[in-house]
Amino acid sequence: MTRTPRIPNLGGARAFVLHRPHPTVQAITRQLSAIGLVTVDCWPELAPEALAADFVFFDADLGFDEQFPWKPGEAPMPLVALIGSEAPGRIEWALSHKADAQLLKPVGNAGVYSALLIARQSFEARKHLAGEIAALRQRVAERQTIVRAVSALSKGGDDDRAYARLRSLAMSWQVSVEDAARRIVAMTEEAKIGENRTGETRTGETKTGEAPIEDESGDDQPYRA
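What this report covers is the structure whose coordinates are included nearby. Note that the coordinates shown come from a computational prediction; the quantities given were computed from them, not determined experimentally. (Residues numbered from 1 in each chain as written. Predicted model: local features only at pLDDT ≥ 70, side-chain atom pairs only at ≥ 80, totals over all residues. Heavy atoms only, no water.)

Quick word on the packing of helix α3 (residues 112–154) against helix α5 (residues 177–198)
(1) Moving on: Axis separation between α3 and α5 bottoms out at 8 Å; the angle between their running directions is 55°. Judged on the interaxial angle alone, α5 and α3 are oblique. Both α3 and α5 take part in a crossing whose hand is left-handed. Residues Q138, E142, T145, I146, R148, A149, A152 and L153 of α3 form the contact with α5, whose own contacting residues are V177, E178, A181, R182, I184, V185, T188 and E189.
(2) Moving on: When the residues that make up the contact of α3 with α5 are grouped by side-chain class, the tally is 8 nonpolar, 3 polar and 5 charged. (Axes fitted to C-alpha atoms, helices over the stretch in contact; angles between N-to-C directions. Helix = DSSP H or I, 4+ residues; strand = E, 2+ residues; numbered from the N terminus. Parallel < 35°, antiparallel > 145°, perpendicular 65-115°, else oblique. Left-handed = near helix turned anticlockwise from the far one by under 90°. Contact = heavy atoms within 4.5 Å. Nonpolar A, V, L, I, M, F, W, Y, C, P; charged D, E, K, R; others polar.)

In structure tokens, the structure reads:
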């Protein structure tokens, strides 16, 4: 059963209204004050303290990228676009900043509260999705690193035995398998750089990047990158 999102208490939140002096600003301010928000009007750009705002309303008709102290689409709070012109270029620009909700101008005596709630929920959902994507990318990157480490350890031989060696290294170093794989990959790359600098490695010498490992028989074996 899907749970209905609880309506948040917005009292005490701070909202910046980035819009030129206009009756629209007065209408928004009245509604925000009635809801219990603290309102800050600003134009032509946001002040640095806006980074700590809970909401930002911005003019989509005359807005430009340099008004914001962040890159397009990277706002740290919910954004509400104030739209008067439906010119495709203006709509596209507002979308580039990932507006979470919109209000059509002229703004009357209602609409701000619903815009706040929609913007907050859209923003939280977008943040949650971005976090999941980042976690998945990290897992993929870690798996690729493990594959590279196993390949370096196996030298074209038995991958299962190489993976067992990787796990043994992780236990010996008291780190996770992922961290051990990163170390192996880093040492392998360092060894390759060293070989490129010297041109060759003399037979019988220990290469850069050796790490002790105890194999299944209990004998200490060096890891050679």
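Once the structure has been displayed, the description carries forward.
Quick word on the sheet that holds strand β5 (residues 101–104)
(1) Moving on: Spatially, 5 strands are ordered β2-β1-β3-β4-β5 in an open sheet, and the strand pairing comes out parallel. Each edge of the open sheet carries a strand with a single partner, namely β2 (38–42) and β5. Between one strand axis and the next, the sheet turns through 20° on average, direction left out of account.
(2) Moving on: Two elements, strand β1 (residues 14–18) and β2, share 5 bridges in a ladder whose sense is parallel. Pairing of A15 across the sheet is with T39, part of β2. (Pairing = 2+ DSSP bridges.)

So, the nonpolar core
(1) Moving on: Among the nonpolar cores identified, the biggest contains 20 residues, and I28, L32, L37, F55, F57, L103 and L116 are the most heavily contacted of them.
(2) Moving on: Elements with a contribution of two residues or more to this core: β1, α1 (23–35), β3 (55–59), β4 (79–83), β5 and α3.
(3) Moving on: What I28 contacts, discounting residues up to four positions off in sequence, is V17, F57, L82, V107 and V112.
(4) Moving on: With 18 residues, the next largest nonpolar core counts F16, A75, A81 and I83 among its residues. (Core = buried A, V, L, I, M, F, W, Y, C linked by side-chain atoms within 4.5 Å. Buried < 20%, exposed > 50% of the residue type's maximum accessible area, 1.4 Å probe, protein only.)

Examining the packing of helix α4 (residues 159–173) against α5
(1) Moving on: α5 packs onto α4 with a crossing angle of 105° between their chain directions and a minimal axis gap of 9 Å. Taken together, the axis directions place α4 and α5 in an arrangement best described as roughly perpendicular. Facing Y163, L166, R167, L169, A170 and W173 of α4, the residues of α5 in contact are V177, A180, A181, R183, I184 and M187.
(2) Moving on: Of the residues that constitute the contact of α4 with α5, the class distribution is 10 nonpolar, no polar and 2 charged.

Brief notes about the pattern of salt bridges
(1) Moving on: As enumerated under the stated definition, the model contains 6 salt bridges in all.
(2) Moving on: A salt bridge links R126 to D100; its shortest N-O distance comes to 2.8 Å. One end of the pair, R126, is in helix α3; the other, D100, is in the loop between α2 (88–96) and β5, and 26 residues separate them in sequence.
(3) Moving on: On the accessibility criterion, R126 (27% relative accessible area) is partly exposed.
(4) Moving on: Among the residues examined, D100 registers a relative accessible area of 7% and is labelled buried.
(5) Moving on: Between R148 and E189 there is a salt bridge, and its shortest N-O distance comes to 2.7 Å. Taken together, the residues R148 in helix α3 and E189 in helix α5 connect sequence positions 41 residues apart.
(6) Moving on: Classification of R148 by relative accessible area gives partly exposed; the value is 47%.
(7) Moving on: A cluster of three or more residues bridged by salt bridges with shared partners is formed by R20, D59, D61 and K105. (Salt bridge = Lys/Arg side-chain N within 4 Å of Asp/Glu carboxyl O.)

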